[in-house]
Amino acid sequence: MALIGVFDSGVGGLSILDEALRQLPQHDYIYLADSANAPYGEKSSDWIAGRSMVLCKYLASNGCDAIVIACNTATAQAIKQIRAELEIPIIGVEPGIKPAAMQTKNGIVGVLATEATLKSDKFNALLATLPENCHVIKQSGAGLVPLIEAGKADSAEALDLLGQHLAPILDAGADTLVLGCTHYPFLRKAIRKLLGDSITLVDTSEAVVKQLQRQIENRDQDLQSQGRGTVIFISSKNESLLLGMAKDLMFSDLQSHFISSKRLGEIA
Ligand code: DGL
(Lines give C-alpha, C1' and ligand atoms only; values in the text may rest on other atoms or scores of the structure.)
Protein backbone atom coordinates (compact mmCIF):
# COMPACT_ATOMS: atom_id res chain seq x y z
CA MET A 1 0.00 0.00 0.00
CA ALA A 2 1.13 3.50 -0.73
CA LEU A 3 0.90 6.73 1.25
CA ILE A 4 -0.47 9.39 -1.07
CA GLY A 5 -0.31 13.12 -0.41
CA VAL A 6 -3.12 15.25 -1.83
CA PHE A 7 -2.53 18.98 -1.68
CA ASP A 8 -4.69 22.01 -2.48
CA SER A 9 -4.98 25.65 -1.46
CA GLY A 10 -8.02 24.60 0.55
CA VAL A 11 -11.01 22.28 0.32
CA GLY A 12 -11.09 22.05 -3.51
CA GLY A 13 -8.82 19.02 -3.66
CA LEU A 14 -11.40 17.11 -1.60
CA SER A 15 -13.11 16.53 -4.98
CA ILE A 16 -9.98 14.64 -6.07
CA LEU A 17 -9.56 12.85 -2.72
CA ASP A 18 -13.20 11.72 -3.00
CA GLU A 19 -12.51 10.14 -6.38
CA ALA A 20 -9.25 8.62 -5.09
CA LEU A 21 -11.07 6.98 -2.17
CA ARG A 22 -13.64 5.63 -4.63
CA GLN A 23 -11.09 4.15 -7.03
CA LEU A 24 -8.22 3.38 -4.63
CA PRO A 25 -9.69 2.95 -1.13
CA GLN A 26 -6.95 0.61 0.07
CA HIS A 27 -4.22 3.25 0.24
CA ASP A 28 -3.32 5.72 3.00
CA TYR A 29 -3.79 9.43 2.36
CA ILE A 30 -2.66 12.74 3.77
CA TYR A 31 -4.92 15.58 2.63
CA LEU A 32 -3.19 18.95 3.05
CA ALA A 33 -5.32 22.11 2.80
CA ASP A 34 -3.53 25.44 2.87
CA SER A 35 -6.77 27.22 3.77
CA ALA A 36 -4.93 29.93 5.74
CA ASN A 37 -3.64 31.11 2.36
CA ALA A 38 -6.60 30.42 0.06
CA PRO A 39 -7.34 31.61 -2.54
CA TYR A 40 -4.12 31.00 -4.45
CA GLY A 41 -5.72 32.10 -7.72
CA GLU A 42 -5.26 35.80 -7.09
CA LYS A 43 -1.66 35.53 -5.82
CA SER A 44 1.59 36.02 -7.78
CA SER A 45 3.15 33.17 -9.75
CA ASP A 46 6.30 33.30 -7.61
CA TRP A 47 4.36 33.08 -4.38
CA ILE A 48 2.29 30.13 -5.61
CA ALA A 49 5.38 28.30 -6.89
CA GLY A 50 7.31 28.85 -3.63
CA ARG A 51 4.49 27.87 -1.29
CA SER A 52 3.54 24.80 -3.34
CA MET A 53 7.16 23.63 -3.26
CA VAL A 54 7.33 24.00 0.56
CA LEU A 55 4.10 22.03 1.02
CA CYS A 56 5.06 19.24 -1.38
CA LYS A 57 8.43 18.90 0.36
CA TYR A 58 6.56 18.64 3.66
CA LEU A 59 4.43 15.79 2.24
CA ALA A 60 7.48 14.02 0.83
CA SER A 61 9.36 14.32 4.11
CA ASN A 62 6.33 12.81 5.88
CA GLY A 63 6.70 9.63 3.87
CA CYS A 64 4.42 10.15 0.87
CA ASP A 65 5.13 7.76 -2.01
CA ALA A 66 3.31 10.00 -4.49
CA ILE A 67 1.73 13.46 -4.41
CA VAL A 68 -1.34 14.73 -6.23
CA ILE A 69 -1.24 18.49 -6.64
CA ALA A 70 -5.04 18.69 -6.53
CA CYS A 71 -5.06 22.31 -7.58
CA ASN A 72 -5.04 23.60 -11.16
CA THR A 73 -3.45 26.86 -10.04
CA ALA A 74 -0.53 25.24 -8.19
CA THR A 75 -0.04 22.72 -10.99
CA ALA A 76 0.16 25.49 -13.58
CA GLN A 77 2.69 27.52 -11.60
CA ALA A 78 4.78 24.92 -9.83
CA ILE A 79 4.66 21.33 -11.07
CA LYS A 80 7.75 21.52 -13.26
CA GLN A 81 10.00 22.66 -10.41
CA ILE A 82 8.44 20.25 -7.92
CA ARG A 83 9.02 17.30 -10.28
CA ALA A 84 12.60 18.42 -10.74
CA GLU A 85 13.25 18.49 -6.98
CA LEU A 86 11.33 15.51 -5.64
CA GLU A 87 11.98 11.93 -6.61
CA ILE A 88 8.47 10.57 -6.11
CA PRO A 89 5.66 10.64 -8.72
CA ILE A 90 3.92 14.04 -8.82
CA ILE A 91 0.50 14.06 -10.45
CA GLY A 92 -1.06 17.38 -11.40
CA VAL A 93 -4.46 18.60 -12.55
CA GLU A 94 -5.19 20.87 -15.47
CA PRO A 95 -8.41 22.21 -16.97
CA GLY A 96 -9.93 19.51 -19.19
CA ILE A 97 -10.06 21.57 -22.36
CA LYS A 98 -8.80 18.65 -24.47
CA PRO A 99 -11.63 16.27 -23.50
CA ALA A 100 -14.02 19.24 -23.81
CA ALA A 101 -12.86 19.90 -27.38
CA MET A 102 -13.63 16.25 -28.18
CA GLN A 103 -17.06 16.34 -26.54
CA THR A 104 -18.43 19.67 -27.80
CA LYS A 105 -20.97 19.44 -30.61
CA ASN A 106 -21.11 23.12 -31.56
CA GLY A 107 -17.39 23.84 -31.01
CA ILE A 108 -17.99 26.38 -28.23
CA VAL A 109 -16.38 25.55 -24.90
CA GLY A 110 -16.41 27.63 -21.73
CA VAL A 111 -13.63 27.29 -19.17
CA LEU A 112 -14.05 28.55 -15.64
CA ALA A 113 -10.74 28.70 -13.75
CA THR A 114 -8.72 31.01 -11.53
CA GLU A 115 -7.01 34.11 -12.91
CA ALA A 116 -3.57 32.56 -12.21
CA THR A 117 -4.43 29.38 -14.13
CA LEU A 118 -5.83 31.26 -17.12
CA LYS A 119 -2.81 33.49 -17.49
CA SER A 120 -0.24 30.72 -16.95
CA ASP A 121 2.10 29.60 -19.75
CA LYS A 122 1.10 26.00 -19.09
CA PHE A 123 -2.59 26.69 -19.73
CA ASN A 124 -1.88 28.80 -22.80
CA ALA A 125 0.37 26.09 -24.23
CA LEU A 126 -2.46 23.59 -23.73
CA LEU A 127 -4.90 25.98 -25.40
CA ALA A 128 -2.62 26.23 -28.42
CA THR A 129 -2.95 22.46 -29.02
CA LEU A 130 -6.73 22.64 -29.60
CA PRO A 131 -8.15 22.40 -33.11
CA GLU A 132 -8.79 25.80 -34.70
CA ASN A 133 -12.53 25.23 -35.01
CA CYS A 134 -12.85 24.95 -31.23
CA HIS A 135 -13.74 28.32 -29.72
CA VAL A 136 -12.81 28.63 -26.03
CA ILE A 137 -14.33 31.28 -23.76
CA LYS A 138 -12.06 31.83 -20.76
CA GLN A 139 -13.63 33.12 -17.58
CA SER A 140 -12.07 33.73 -14.19
CA GLY A 141 -14.14 32.63 -11.22
CA ALA A 142 -12.87 35.42 -8.93
CA GLY A 143 -14.52 35.33 -5.51
CA LEU A 144 -15.93 31.81 -5.78
CA VAL A 145 -13.15 29.98 -3.89
CA PRO A 146 -13.55 32.12 -0.70
CA LEU A 147 -17.30 31.38 -0.70
CA ILE A 148 -16.70 27.64 -1.04
CA GLU A 149 -14.02 27.80 1.69
CA ALA A 150 -16.61 29.50 3.92
CA GLY A 151 -19.07 26.64 3.37
CA LYS A 152 -21.31 28.79 1.16
CA ALA A 153 -21.25 26.77 -2.06
CA ASP A 154 -25.04 26.48 -2.02
CA SER A 155 -25.76 30.07 -0.94
CA ALA A 156 -27.67 32.76 -2.84
CA GLU A 157 -24.45 34.78 -2.83
CA ALA A 158 -22.54 32.02 -4.66
CA LEU A 159 -25.40 31.58 -7.13
CA ASP A 160 -25.42 35.30 -7.88
CA LEU A 161 -21.65 35.55 -8.37
CA LEU A 162 -21.58 32.39 -10.45
CA GLY A 163 -24.39 33.80 -12.59
CA GLN A 164 -22.24 36.85 -13.36
CA HIS A 165 -19.21 34.72 -14.24
CA LEU A 166 -21.17 32.31 -16.40
CA ALA A 167 -23.05 35.00 -18.35
CA PRO A 168 -20.39 35.45 -21.09
CA ILE A 169 -20.18 31.66 -21.50
CA LEU A 170 -23.95 31.36 -21.71
CA ASP A 171 -24.17 34.31 -24.14
CA ALA A 172 -21.56 32.70 -26.41
CA GLY A 173 -23.74 29.56 -26.62
CA ALA A 174 -21.24 27.10 -25.14
CA ASP A 175 -22.53 23.52 -24.97
CA THR A 176 -19.60 22.37 -22.79
CA LEU A 177 -18.16 23.87 -19.60
CA VAL A 178 -14.78 22.93 -18.14
CA LEU A 179 -14.54 23.08 -14.36
CA GLY A 180 -10.96 24.34 -14.32
CA CYS A 181 -10.53 24.60 -10.56
CA THR A 182 -10.91 21.71 -8.14
CA HIS A 183 -13.20 23.81 -5.94
CA TYR A 184 -15.80 24.17 -8.69
CA PRO A 185 -17.24 20.62 -8.70
CA PHE A 186 -18.78 21.69 -5.38
CA LEU A 187 -20.79 24.29 -7.35
CA ARG A 188 -22.31 21.65 -9.61
CA LYS A 189 -25.81 22.15 -8.18
CA ALA A 190 -25.65 25.94 -8.66
CA ILE A 191 -24.20 25.54 -12.17
CA ARG A 192 -27.04 23.20 -13.15
CA LYS A 193 -29.55 25.67 -11.72
CA LEU A 194 -28.09 28.44 -13.90
CA LEU A 195 -27.22 26.53 -17.08
CA GLY A 196 -29.70 23.65 -17.06
CA ASP A 197 -29.04 19.98 -17.70
CA SER A 198 -28.09 20.11 -21.35
CA ILE A 199 -24.62 21.64 -20.95
CA THR A 200 -21.82 19.07 -20.58
CA LEU A 201 -19.65 19.61 -17.49
CA VAL A 202 -16.04 18.48 -17.76
CA ASP A 203 -14.25 17.60 -14.54
CA THR A 204 -10.97 15.70 -14.78
CA SER A 205 -10.86 14.08 -11.32
CA GLU A 206 -11.53 10.57 -12.64
CA ALA A 207 -8.71 10.83 -15.18
CA VAL A 208 -6.35 12.31 -12.57
CA VAL A 209 -6.91 9.36 -10.23
CA LYS A 210 -6.41 6.88 -13.12
CA GLN A 211 -3.08 8.59 -13.72
CA LEU A 212 -2.25 8.30 -10.00
CA GLN A 213 -3.07 4.59 -10.16
CA ARG A 214 -0.77 4.08 -13.16
CA GLN A 215 2.04 5.87 -11.35
CA ILE A 216 1.78 3.89 -8.14
CA GLU A 217 1.25 0.61 -9.97
CA ASN A 218 4.69 1.11 -11.43
CA ARG A 219 6.16 1.07 -7.94
CA ASP A 220 3.64 -0.93 -5.99
CA GLN A 221 2.36 -4.30 -7.17
CA ASP A 222 0.09 -4.85 -4.17
CA LEU A 223 -2.99 -3.07 -5.52
CA GLN A 224 -5.31 -6.02 -5.07
CA SER A 225 -5.68 -5.58 -1.32
CA GLN A 226 -9.29 -4.75 -0.43
CA GLY A 227 -8.61 -3.00 2.89
CA ARG A 228 -9.37 0.63 3.69
CA GLY A 229 -6.53 2.80 4.82
CA THR A 230 -6.08 5.93 6.88
CA VAL A 231 -6.89 9.50 5.88
CA ILE A 232 -5.16 12.30 7.77
CA PHE A 233 -6.62 15.77 7.19
CA ILE A 234 -4.14 18.59 7.76
CA SER A 235 -5.10 22.25 7.59
CA SER A 236 -3.00 25.40 7.92
CA LYS A 237 -6.14 27.13 9.27
CA ASN A 238 -8.57 24.96 11.21
CA GLU A 239 -8.46 21.17 11.17
CA SER A 240 -11.90 20.58 12.69
CA LEU A 241 -13.47 22.86 10.10
CA LEU A 242 -11.64 20.94 7.37
CA LEU A 243 -12.90 17.63 8.71
CA GLY A 244 -16.44 18.99 8.94
CA MET A 245 -16.31 20.23 5.37
CA ALA A 246 -14.86 16.94 4.15
CA LYS A 247 -17.82 15.13 5.72
CA ASP A 248 -20.25 17.61 4.14
CA LEU A 249 -18.75 17.88 0.68
CA MET A 250 -17.52 14.36 -0.03
CA PHE A 251 -19.61 11.38 -1.10
CA SER A 252 -17.14 8.83 0.32
CA ASP A 253 -18.03 7.15 3.58
CA LEU A 254 -15.19 8.56 5.65
CA GLN A 255 -16.22 6.49 8.67
CA SER A 256 -15.09 3.37 6.83
CA HIS A 257 -11.52 4.77 6.83
CA PHE A 258 -9.34 5.54 9.85
CA ILE A 259 -9.58 9.32 9.89
CA SER A 260 -7.77 11.92 11.96
CA SER A 261 -6.98 15.60 11.64
CA LYS A 262 -4.28 18.02 12.73
CA ARG A 263 -3.12 21.61 12.34
CA LEU A 264 -0.14 22.35 10.09
CA GLY A 265 2.60 23.91 12.21
CA GLU A 266 5.31 26.27 10.98
CA ILE A 267 7.16 24.56 8.16
CA ALA A 268 8.71 27.26 6.00
N1 DGL B 1 -8.50 24.44 -6.10
C2 DGL B 1 -7.65 25.46 -6.69
C3 DGL B 1 -7.56 25.21 -8.21
O4 DGL B 1 -7.83 24.12 -8.65
C5 DGL B 1 -8.17 26.76 -6.23
C6 DGL B 1 -7.27 27.87 -6.39
C7 DGL B 1 -7.41 28.99 -5.40
O8 DGL B 1 -7.11 28.80 -4.24
O9 DGL B 1 -7.72 30.08 -5.88
O10 DGL B 1 -7.17 26.06 -8.97
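Residues numbered from 1 in each chain as written. Predicted model: local features only at pLDDT ≥ 70, side-chain atom pairs only at ≥ 80, totals over all residues. Heavy atoms only, no water.

### Things to note about the sheet that holds strand β6 (residues 135-140)
Convention followed: One requirement defines pairing of two strands: DSSP has to find at least two bridges between them. Labels follow the DSSP assignment, with helices taken as runs of H or I lasting at least four residues and strands as runs of E lasting at least two, numbered in each case from the N terminus. Helix axes are fitted to C-alpha atoms over the stretch in contact, other axes to C-alpha atoms as well, and angles between N-to-C directions run from 0 to 180 degrees. Contacts are residue-level and defined by heavy atoms, with any inter-residue pair within 4.5 Å sufficient.
Ordered in space as β6-β5-β7-β8, the four strands form an open sheet in which the pairing is parallel. Each edge of the open sheet is held by one strand with a lone partner, namely β6 and β8 (200-202). Each strand axis lies, on average, 20 degrees off the axis of its neighbour in the sheet, ignoring direction. Along the sheet, helix α8 (residues 156-171) contacts β5 (108-113), β6 and β7 (176-179); its crossing angle with β6, the most-contacted strand, is approximately 160 degrees. The strands touched by helix α9 (residues 188-195) are β7 and β8; relative to β7, the strand with the most contacts, the crossing angle is about 160 degrees.

### Observations regarding the layout of surface pockets
Worth spelling out the cut-off: Space inside and on the surface of the protein is sampled on a 1 Å grid over the protein atoms alone, with a cavity defined as a set of points where a 1.4 Å probe fits but cannot get out and a pocket as an open set with protein on both sides within 12 Å along at least 5 of 7 lines; lining residues have an atom within 4 Å of a point. Grid points are joined across faces, edges and corners, and a volume is the space filled by probe spheres set on the points. Polar here means any residue outside two lists: the nonpolar Ala, Val, Leu, Ile, Met, Phe, Trp, Tyr, Cys and Pro, and the charged Asp, Glu, Lys and Arg; Gly therefore counts as polar.
By volume, the largest pocket amounts to about 570 Å³. In terms of lining residues, the largest pocket is bounded by 21 residues, among which P185, F186, L249, M250 and F251 are the most central. A per-element tally of the lining of the largest pocket places helix α1 (residues 14-23) first, with four residues. In terms of residue class, the lining of the largest pocket is made up of eight nonpolar, four polar and nine charged. Counted as a void, the second largest pocket has a volume near 290 Å³. Around the second largest pocket, the lining is made up of 19 residues, and of these G92, V93, E94, T204 and V208 lie nearest the centre. Mapped onto the lining of the second largest pocket, the elements with two or more residues apiece are α3 (72-85), β4 (90-92), α4 (97-103), α6 (121-127) and α10 (205-219). Residues of the lining of the second largest pocket, tallied by class, amount to nine nonpolar, six polar and four charged.

### A closer look at the site of the ligand
Going by this rule: Summary of the distance rule: residues count as near a molecule or strand when at least one heavy atom falls within 4 Å of that molecule or strand. The definition of a polar contact used here is a pair of N or O atoms within 3.5 Å, where within protein one atom must be able to donate a hydrogen and the other to accept one, and adjacent residues in sequence count solely through side-chain atom pairs. The method behind every accessible area is Shrake-Rupley, applied with a 1.4 Å probe, and residues are considered shielded solely by the protein chains displayed.
Taken together, 13 residues lie near the ligand, and S9, Y40, G41, T73 and T182 sit nearest. Within the side chain of T182, a nitrogen or oxygen atom sits 2.7 Å from a nitrogen atom of the ligand. Alone, the ligand offers 290 Å² of accessible surface; in the complex the protein occludes 99% of this. A per-class count over the shell around the ligand returns five nonpolar, seven polar and one charged.

### With respect to the packing of α8 against α9
For clarity, the threshold we go by: Between 65 and 115 degrees an angle is taken as roughly perpendicular, under 35 as roughly parallel, over 145 as roughly antiparallel, and anywhere else as oblique. For any helix crossing, the convention is left-handed if the near helix is rotated counterclockwise from the far helix by under a right angle, and right-handed if that rotation is clockwise.
Two elements in contact, α8 and α9, have axes whose closest approach is 10 Å; the angle formed by their N-to-C orientations is 55 degrees. The orientation of α8 with respect to α9, classified from their angle, is oblique. Where α8 crosses over α9, the two elements pack in a sense that is right-handed. Contacts between α8 and α9 pair L159, L162, G163, L166 and L170 from the former with A190, I191, K193, L194 and L195 from the latter. Residue composition of the contact of α8 with α9, grouped by class: eight nonpolar, one polar and one charged.

### Quick look at α9
Using the following cut-off: For every residue, the accessible area obtained with a 1.4 Å probe (protein chains only) is divided by the maximum for its type, and the residue is called buried under 20%, exposed over 50%, and partly exposed between those limits. Directions pointing from the helix axis toward each C-beta atom define the arc.
Those residues of α9 that sit buried are A190, I191 and L195. Buried residues along α9 cover an arc of 115 degrees about the axis, so they all sit on one side. Residues of α9 that are exposed and point over 90 degrees away from its buried face: K189 and K193. The inward-facing, buried residues of α9 contact α8, β7 and β8.

Geometric values such as these leave the question of function open.
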